[in-house]
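# Architecture and fold: a report
The chain contents come next:
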Amino acid sequence: MIDGKPLMRSMMGKRIWSLMQSDPEKFKRETREYFARGYPGWTVVKVKYPIVYLRDDRGNQG
């Protein structure tokens, strides 16, 4: 939980995980892009292999 809100746990494919060691900046970028396509309005808040933790920001647009 972050700020009293539960996080969703998800996973992603090996291709992106393989970038974690070889190209950390590309890994971060591709992780954000991957979840932006699949879960619009959700934000990646933590990554710990093999789980990616997402926060629901759909109702927080101001």
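Here we summarise the structure given alongside this text. (Residues numbered from 1 in each chain as written. Predicted model: local features only at pLDDT ≥ 70, side-chain atom pairs only at ≥ 80, totals over all residues. Heavy atoms only, no water.)

### As for the side chain of serine 10
Heads up, the rule is: Secondary structure elements are taken from DSSP: a helix is a run of H or I of four residues or more, a strand is a run of E of two residues or more, and numbering for both begins at the N terminus. Buried means the residue's accessible area, taken with a 1.4 Å probe over protein chains only, is under 20% of the maximum for its type, while exposed means over 50%, and partly exposed covers the values in between. Note on contacts: a residue pair qualifies if any of its non-hydrogen atoms lie within 4.5 Å across the two residues.
In this fold, serine 10 is placed in strand E1 (residues 8-10). A residue is classified by how much of its surface remains accessible, and serine 10, at 12% relative accessible area, is buried. Ignoring any residue separated from it by four or fewer positions in sequence, one finds serine 10 in contact with Phe35, Tyr39, Pro50, Ile51, Val52 and Leu54.

### Focus: the sheet that holds strand E3 (residues 51-56)
Stated formally: One bridge is not enough; two strands pair if DSSP finds at least two bridges between them. The axes are straight lines fitted to the C-alpha atoms, using for helices just the contacting stretch, and the angles between their N-to-C directions are given from 0 to 180°.
Read across the open sheet, the 3 strands follow the order E1-E3-E2; overall the sheet is antiparallel. The open sheet is flanked by E1 and strand E2 (42-48), the only strands paired with a single partner. Strand-to-strand twist of the sheet, defined as the mean angle between neighbouring strand axes without regard to direction, takes the value 30 degrees. By the bridge criterion, 3 bridges tie E1 to E3 in an arrangement that is antiparallel. Opposite serine 10, over in E3, you have valine 52 as the bridge partner.

### A closer look at the pattern of salt bridges
Under the convention used in this document: We define a salt bridge as a side-chain nitrogen of Lys or Arg found within 4 Å of a carboxyl oxygen belonging to Asp or Glu.
Counting across every chain of the model gives 5 salt bridges. With a closest N to O distance of 2.7 Å, arginine 58 and aspartate 56 form a salt bridge. Salt bridges sharing partners connect three or more residues here, namely Arg15, Lys26 and Glu30.

Distances and angles like these do not, on their own, reveal function.
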